[in-house]
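Breakdown of the fold
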Amino acid sequence: MSKILIRPATPVDLDIITKIYADAVTNGTASYELEPPSRAEMGTRFATLAAGGFPYLVAEKDDAVLGYAYAGPFRPRPAYRFIVEDSVYVAPDAKGQGVGLKLMQSLVAAAKAAGFRQIVAVIGDGHADSASVRLHEKLGFRHSGRLEGSGYKHGRWLDTVFMQLSLNGGASVPPDPDSLPERKFRKGELKN
């Protein structure tokens, strides 16, 4: 039996990443996009995150990509530089196999290694039985807010749930001057 390998995503993975996300947009409520983005748009999004040094991972088994996860800026203002927002998507035929958990465990580790202090999950259709809510709870994320009726998709109103996980001491200690977000700030890469 082959094991699931978690590795950094590369541009070669973008065709399957685009397909996985298209399914989530078309059939699911985790994303509030209504039309799946093109392969070119997904490539632009990937390149932007990669250029920023943000972690972008895929889960692979037997040379097939089963899902992907990434962390990106929570908000563009520089004071938010220590917070990332996670996203995780699993191919329909790979759901229920622990792929999302493995991806998120690796993503949390990568965000921690980069020196981020908080990971925020913004979960569309975030009801208590949501697989994404349960996954984040399993990883130690705590509930930090709910926007009721904040999205309308597939003929119904959806709530958005905010969850967060503190890393590297969270807000209890000063920023690490050697962390990725602080180095980017000092280089002038983060501006108002």
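Note that the structure is a prediction, hence the values are computed from the model and not measured.

Counted by the stated rule, this structure contains eight salt bridges. One salt bridge in this structure joins Glu182 and Arg81, with 2.9 Å as the shortest N-O distance. On the criterion of sequence distance, the pair formed by Glu182 in helix 5 (residues 180-186) and Arg81 in the loop between strand 3 (64-73) and strand 4 (83-90) is long-range, its members being 101 residues apart. As far as the burial class goes, Glu182 and Arg81 line up, both buried. Taking the shortest distance from any N to any O, the salt bridge between Asp125 and Arg156 comes out at 2.7 Å. On the criterion of sequence distance, the pair formed by Asp125 in the loop between strand 5 (118-124) and helix 4 (131-138) and Arg156 in strand 7 (residues 156-166) is long-range, its members being 31 residues apart. Residue Arg156 is classed as partly exposed on the basis of its relative accessible area of 39%. Bridged by salt links that share partners, the residues Arg7, Asp13 and Glu60 form one connected network.

Here the focus is helix 1 (residues 14-27). Think of an α-helix as turning once every 3.6 residues; residues three or four places apart then point the same way. Compared with an ideal rise of 1.5 Å per residue, which puts 14 residues at 20 Å, helix 1 spans 20 Å between its outermost C-alpha atoms and is within 8% of the ideal. Three or more residues of helix 1 are buried, namely Leu14, Ile17, Thr18, Ile20, Tyr21, Ala24 and Val25. Each buried residue of helix 1 lies within a common arc of 165° when the element is viewed along its axis, so the set occupies one face. More than 90 degrees from the buried face of helix 1, the exposed residues found are Lys19 and Asn27. Where the residues of helix 1 are buried, they touch helix 2 (39-51), strand 2 (56-61), strand 3, strand 4 and strand 6 (142-153).

This brings us to the packing of helix 3 (residues 99-114) against helix 4. To describe two helices that pack against each other, one gives the angle between their axes and the distance between the axes. With their axes 10 Å apart at the nearest point, helix 3 and helix 4 run at an angle of 45° to one another. Relative to helix 4, the element helix 3 lies oblique. Handedness of the crossing formed by helix 3 with helix 4: right-handed. Each of Gly100, Leu101 and Met104 in helix 3 lies in contact with helix 4, whose residues at this interface are Leu135, His136 and Lys138. In terms of residue class, the contact of helix 3 with helix 4 is built from three nonpolar, two polar and one charged.

Rules used in this analysis
Each residue is numbered by its place in its chain's sequence as written, counting from 1. Owing to the predicted nature of the model, reporting of local features is limited to residues with pLDDT of at least 70; listing and counting of side-chain atom pairs is limited to 80 or more, with chain, interface and lining totals taken over all residues. Just so you know, side-chain values use all the structure's heavy atoms and leave hydrogens and water out. We count a salt bridge whenever a side-chain nitrogen from Lys or Arg sits within 4 Å of a carboxyl oxygen from Asp or Glu. Under the DSSP-based scheme used, a helix requires at least four consecutive residues in state H or I and a strand at least two consecutive residues in state E, with every element numbered from the N terminus. Between buried and exposed lies partly exposed: a residue is buried under 20% and exposed over 50% of the maximum accessible area for its type, with that area taken using a 1.4 Å probe on protein chains only. One less than the residue count of a helix, multiplied by 1.5 Å, gives the span that helix is expected to have. Here the arc refers to the set of directions running from the helix axis out to each C-beta atom. In what follows, a contact means two residues having at least one pair of non-hydrogen atoms within 4.5 Å. All axes here are fitted lines through C-alpha atoms, helices being fitted over the stretch that makes contact, and every angle between N-to-C directions spans 0 to 180 degrees. Roughly parallel means an angle under 35 degrees; roughly antiparallel means over 145; roughly perpendicular covers 65 to 115; every other angle is labelled oblique. We call a crossing left-handed when the near helix sits turned anticlockwise from the far one by less than a right angle, and right-handed when that turn is clockwise. Polarity classes work like this: nonpolar for Ala, Val, Leu, Ile, Met, Phe, Trp, Tyr, Cys and Pro, charged for Asp, Glu, Lys and Arg, and polar for all others, with Gly in that last group.

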